[in-house]
Amino acid sequence: FQAALNAAVPGDTITLAAGATYSGTFTLPLKSGSGWIVIRSSAPDSQLPAVGQRVTPAFAPAMPKLVATGVAPVLTTAAGAHHYRLVGLEIA
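All of the points below concern the structure found in this document. (Residues numbered from 1 in each chain as written. Predicted model: local features only at pLDDT ≥ 70, side-chain atom pairs only at ≥ 80, totals over all residues. Heavy atoms only, no water.)

### Thoughts on the overall build of the chain
Convention followed: Only runs of H or I of at least four residues qualify as helices and only runs of E of at least two qualify as strands under DSSP, and these elements are numbered from the N terminus. The size measure is the radius of gyration over C-alpha atoms, and the globule rule it meets is 2.2 Å times the number of residues to the 0.38 power. Each residue is placed in one exposure class: buried if its accessible area under a 1.4 Å probe, protein chains only, is under 20% of its type's maximum, exposed if it is over 50%, and partly exposed if it falls in between.
Assigned secondary structure in the chain consists of 1 helix and 8 strands. From first element to last, N terminus to C terminus, the chain shows the α and β order α-β-β-β-β-β-β-β-β. In terms of overall dimensions, the chain is globule-like: its C-alpha atoms have a radius of gyration of 13 Å, near the 12 Å expected for 92 residues. For the chain, the spread of C-alpha atoms along the principal axes amounts to about 35 × 30 × 20 Å. Within the span of the chain, comprising 92 residues, buried residues form 30% of the whole.

### Notes on empty space enclosed by the protein
Which entries qualify depends on this criterion: Using only the protein atoms, space was sampled on a 1 Å grid; points where a 1.4 Å probe fits but cannot get out form cavities, open sets with protein on both sides within 12 Å along at least five of seven lines form pockets, and lining residues are those with an atom within 4 Å of a point. Grid points are joined across faces, edges and corners, and a volume is the space filled by probe spheres set on the points. Each residue is assigned to one of three groups, with Ala, Val, Leu, Ile, Met, Phe, Trp, Tyr, Cys and Pro labelled nonpolar, Asp, Glu, Lys and Arg labelled charged, and all others, Gly among them, labelled polar.
For the structure on display, the rule yields 1 cavity of 30 Å³ or more. Quantified by volume, the largest cavity comes out at close to 40 Å³. For the largest cavity, the full set of lining residues is Pro10, Lys31, Ser32, Gly33, Gly35, Ile37, His82 and His83. Grouping the constituent residues of the lining of the largest cavity by class yields 2 nonpolar, 5 polar and 1 charged.

### Let's talk about the pairing of strand S1 (residues 13-16)
To be explicit about the condition: Any two strands are treated as partners once DSSP identifies two or more bridges connecting them.
Side chains Ile14 and Leu16 of S1 all project onto a buried face; the interleaved residues Thr13 and Thr15 project onto a face where none is buried. Sheet topology places S1 next to strand S4 (residues 37-41); 4 bridges connect them, and they run parallel. By the bridge assignment for S4, Leu16 is matched with Ser41.

### A short note on the pattern of salt bridges
Quick reminder of the rule: Note on definitions: salt bridges are taken to be side-chain nitrogens of Lys or Arg within 4 Å of carboxyl oxygens of Asp or Glu.
Considering all chains together, one arrives at 1 salt bridge under this definition. The salt bridge partner of Asp45 is Arg40, with a shortest N-O separation of 2.8 Å. Judged by relative accessible area, Asp45 falls into the exposed class, the value being 53%. For Arg40, a relative accessible area of 17% puts it in the buried group.

Written as structure tokens, this is what we have:
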């Protein structure tokens, strides 16, 4: 996952497998430009909650899980990092 984050450029979508677990600590790197880098589930939008709808445990099978190992958070950002959009992810 970190290699995909490092290689992504604005306008890219990183798709993570629904139901898969990604363990570790990952850093959202600083990128130039104003386009979004989208990190999302491989599940179709119809299997994810609609915008503004609360997530419930029923959606868990459609969501990849980002799980921290140790005490560090699973996601951090490099100084100045911006324009990342997370869609349909479980973060623990």
